Amino acid sequence: MNANQLATTDRAELKKLALELRRLALKIIFQAGSGHPGGSFSAADLMTALFFGGILNHDPSNPKAPTRDRFLLSKGHASGIYYAVLAKAGYISVADLDSYRKINSERFLSGHAHPKTPGVEIASGSLGQGLSVGHGMALGIKLDGYDAKVYVILGDGEIQEGQIWEAAMSADKFKSNNLIAIVDYNKVAQDSVTKELKDLEPLEDKWNSFNWDVHRIDGHDMDAIMKVFQLPLHPEKPRVIVADTIKGKGVSFMEGETAWHGVAPSVEDYEKALKELA
Amino acid sequence: MKDAATRDGYGDALLELGADDARIVVLDAGVSDSTRSKKFGGKYPDRFFNMGIAEADMVCTAAGLATTGKIPFATGFACFLLGRTMDQILVSIAYSNTNVKLVGTHTGLAVGEDGPSAQMIVDVAYTRAMPNMIVVQPADWEETRQATRALADYEGPAYLRLGRPKVKGIFDGSYKFAIGKGRVVKEGSDLVIFASGIMVQESLEAMKLLERENISVTLVNISTLKPIDRELIIELSTRHRAIMTAEDHNYIGGLGDAVGEVLLDAQISRPFKRIAVRDQFAETGTGAELFEKYGLSARHIAQVARESIKSIE
């Protein structure tokens with residue numbers, strides 16, 4: 001089954017799918033014994049809508065089609081959910097997922113994604129680069145005269161990187177309205193809550209002052225997610241969607257917990273989490 | 001033969017490429033007048049992206065453009081183009097294997113008066129150390145023109161190292177640049193000098209001094225620093241009694257080390273001297289004054305060559 005066959009705009013169906021993808025992500029993190037469940041779960045609803053809500057124009061049987069929309073997971077550590085999505089969409093098989101973070105992984109399912117894996121556009125792992133790379137894609141797409149869009153998911157901690165704001169200025173300069181950034185604003189980074197680490201607020205004002213088309217939604221409200229993704233492009237401004245999310249969303253003992261940024265669950269926690277994600 | 005800075009050869013080549021190939025796009029970080037990419041920008045404004053003083057953003061934007069089938073030349077002063085962006089180049093260009101050409105101008109002590117923060121002397125070391133990256137440093141205008149075109153045809157990440165000052169023409173239109181190939185500029189018999197970039201010109205001056213003393217030198221232009229021309233280095237080193245290298249770069253990680261690695265691997269044992277910056281920051285002054293004070297001038301090359309020959313006689 002490919003992504004197009006799976007595509008639905010039914011909100012309840014998409015929420016169900018997002019839970020299934022969270023379970024799959026947690027399974028491969030559990031099997032690998034390492035990974036990042038917290039940031040995978042906060043981004044799960046957003047990525048489900050993009051890939052399976054008919055938003056992203058893509059074809060897993062032709063992953064290099066020049067007219068495709070691009071998707072970049074700039075917060076590359078959320079690879080657990082990324083590979084789960086790629087498997088569900090048909091870029092790789094579910095069986096491939098067993099090699100996540102394992103040596104000799106045939107599909108190169110590294111801790112952070114790389115274009116050797118079908119469906120992955122660029123390597124990640126160093127925060128702050130994805131918005132610039134995505135902007136380069138947006139510029140190239142326009143030079144070719146295509147209508148394709150570029151979606152970039154950024155972490156909230158990630159936008160503490162100065163390069164994000166360099167890219168924000170550049171996309172304004174070139175009026176790259178086909179560039180859509182999504183801030184997975186889960187309020188928690190590796191060391192501490194983002195606010196304590198270095199506060200991002202007032203976040204909408206920041207993007208507004210860079211002349212972006214700013215939207216703010218609940219990143220777990222599937223209806224709000226779908227509606228914002230279905231908006232027509234701004235005539236000239238690049239778009240940012242500030243999505244308020246919860247780190248570890250869906251598993252009560254992971255939600256909002258810094259401790260679940262980058263650890264795999266124990267057997268007991270894994271089983272408990274699966275029940276909550278059912 | 002045209003006397004001009006290598007950065008001028010780059011600017012002129014971009015104009016030719018712009019006309020030949022719609023995939024060529026050029027980026028600059030707010031110094032396009034100095035890097036000479038401005039010429040391309042004037043003629044092909046739709047394919048020219050001045051990213052402002054934001055090198056990290058620029059090199060990643062170039063990587064994104066490359067994934068759409070464009071051939072981006074990301075241009076800037078080497079100090080900042082590379083110095084500020086090692087991580088971006090490693091992840092979005094080298095590791096991702098995107099078809100980006102990094103072009104750093106104003107390299108080495110030859111930059112002169114702007115001082116050590118503007119004199120890039122570690123770029124070859126770190127670009128050579130990056131998997132997937134090739135490194136090219138042409139010696140004159142003609143070779144730069146050809147090398148720029150060759151890099152456009154080459155699929156993969158590359159660093160093109162260019163200079164600020166005007167240099168003497170060494171090659172004419174009959175010269176054929178090839179990635180990975182060194183070229184004998186002058187054939188001698190006693191000692192071989194492998195030189196790169198502006199140091200080819202400096203070595204030619206040194207050879208005039210040495211000729212008067214009947215020291216016969218073979219001068220080789222090594223314009224591809226990676227992958228280096230192993231065969232030529234082994235063949236010529238075996239045929240000469242002493243070996244030297246000459247580069248306007250720190251002596252760690254540059255041409256001298258690259259040649260030294262070949263010699264060690266091939267178990268070639270000869271007196272081996274490296275003309276390079278001796279692991280120190282220089283100071284302000286003209287390029288010529290700095291070359292003299294920091295041991296890169298023709299006089300130094302000649303002196304080291306003389307001592308080398310004396311040591312084996």
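Scope of this entry: the structure provided in the associated data block.

The rules behind the values
Residues numbered from 1 in each chain as written. Chains lettered and ligands numbered in written order. Predicted model: local features only at pLDDT ≥ 70, side-chain atom pairs only at ≥ 80, totals over all residues. Heavy atoms only, no water. Phe/Tyr/Trp six-rings, centres within 6.5 Å; stacked < 30°, edge-to-face > 60°. Helix = DSSP H or I, 4+ residues; strand = E, 2+ residues; numbered from the N terminus. Buried < 20%, exposed > 50% of the residue type's maximum accessible area, 1.4 Å probe, protein only. Lys NZ or Arg CZ within 6 Å of the ring centre and 35° of its normal. Contact = heavy atoms within 4.5 Å. 1 Å grid on protein atoms, 1.4 Å probe; cavity = no way out; pocket = protein on both sides within 12 Å on 5 of 7 lines; lining within 4 Å. Points joined across faces, edges and corners; volume = space filled by probe spheres on them. Nonpolar A, V, L, I, M, F, W, Y, C, P; charged D, E, K, R; others polar. Core = buried A, V, L, I, M, F, W, Y, C linked by side-chain atoms within 4.5 Å. Domains from an automatic or database assignment. Buried area = accessible area lost by both parts, 1.4 Å probe. Salt bridge = Lys/Arg side-chain N within 4 Å of Asp/Glu carboxyl O.

Turning our eyes to something else, we now look at the packing of aromatic side chains. In this description, a pair of aromatic rings is defined by centroid distance and the angle of the planes. Throughout the structure, instances matching the rule amount to 16 aromatic pairs over all chains. Ring geometry for Trp-165 of chain A and Phe-210 of chain A: centres 5.1 Å apart, planes at 45°, overall tilted. With Trp-165 of chain A in helix α6 (residues 162-173) and Phe-210 of chain A in the loop between α8 (203-209) and β4 (213-218), this pair connects stretches of sequence that are 45 residues apart. Ring geometry for Phe-40 of chain B versus Tyr-44 of chain B: centroids 5.0 Å apart, planes at 45°, classification tilted. Among the residues examined, Phe-40 of chain B registers a relative accessible area of 0% and is labelled buried. An aromatic cluster is built from Phe-51, Phe-52, Phe-71, Tyr-82, Tyr-83 and Tyr-100 of chain A, whose rings are joined through pairwise contacts. Here the basic side chain of Lys-272 of chain A rests over the ring of Phe-253 of chain A, its NZ or CZ set 4.7 Å away from the ring centre. Lying across the ring of Tyr-44 of chain B, Arg-47 of chain B places its NZ or CZ 4.6 Å from the centre.

Right, let's talk about the side chain of Arg-145 of chain B for a bit. Within the secondary structure, Arg-145 of chain B is located in helix α8 (residues 141-153). Those residues in contact with Arg-145 of chain B, other than ones at most four positions away along the chain, are Gly-9, Ala-13 and Glu-16 of chain B.

What follows is about the layout of surface pockets. Quantified by volume, the largest pocket comes out at close to 450 Å³. Surrounding the largest pocket, 25 residues form its lining, Ala-66, Thr-67, Thr-68, Gly-69 and Glu-155 of chain B being those nearest its centre. At the level of secondary structure, the elements contributing two or more residues to the lining of the largest pocket comprise α4 (55-67) and α8 of chain B. Across the lining of the largest pocket, the residue classes break down as 8 nonpolar, 8 polar and 9 charged. What the second largest pocket holds in volume is close to 240 Å³. What lines the second largest pocket is a set of 17 residues, and nearest its centre among them are His-77, Leu-127, Ala-189, Gln-190 and His-261 of chain A. Split into classes, the residues belonging to the lining of the second largest pocket amount to 4 nonpolar, 8 polar and 5 charged.

Attention now goes to the nonpolar core. Residues Leu-131, Trp-207 and Trp-212 of chain A together with Leu-102 of chain B are the most contacted members of the largest nonpolar core, which totals 74 residues. The element best represented in this core is α4 of chain B, accounting for 7 residues. Taken domain by domain, the makeup of this core includes at least three residues from each of domain 1 (4-167) and domain 2 (183-312) of chain B. Those residues in contact with Trp-212 of chain A that sit more than four places away from it in its chain are Leu-131, Ala-167, Ala-168, Ala-171, Leu-179, Ala-181, Trp-207, Lys-237, Pro-238, Arg-239 and Val-240 of chain A. Of all hydrophobic cores here, the second largest spans 57 residues; its members include Ala-147, Leu-191, Ile-215 and Leu-290 of chain B.

Taken together, the contact pairs 25 residues of chain B with 27 residues of chain A. Taken over both partners, the interface formed by chain B and chain A buries close to 2000 Å², and the fraction arising from carbon and sulfur atoms is 58%. Our count for the chain B to chain A interface comes out at 1 salt bridge. A salt bridge links Asp-144 of chain A to Lys-70 of chain B; the shortest N-O distance between them is 2.8 Å. Elements represented by at least two residues in the side of chain B that touches chain A include exactly β3 (48-50), α4 and α6 (86-95) of chain B. Of all the elements, α4 of chain B adds the most residues to the side of chain B that touches chain A, at 9 residues. Tallied by class, the residues present in the side of chain B that touches chain A amount to 10 nonpolar, 9 polar and 6 charged.

Geometric values such as these leave the question of function open.
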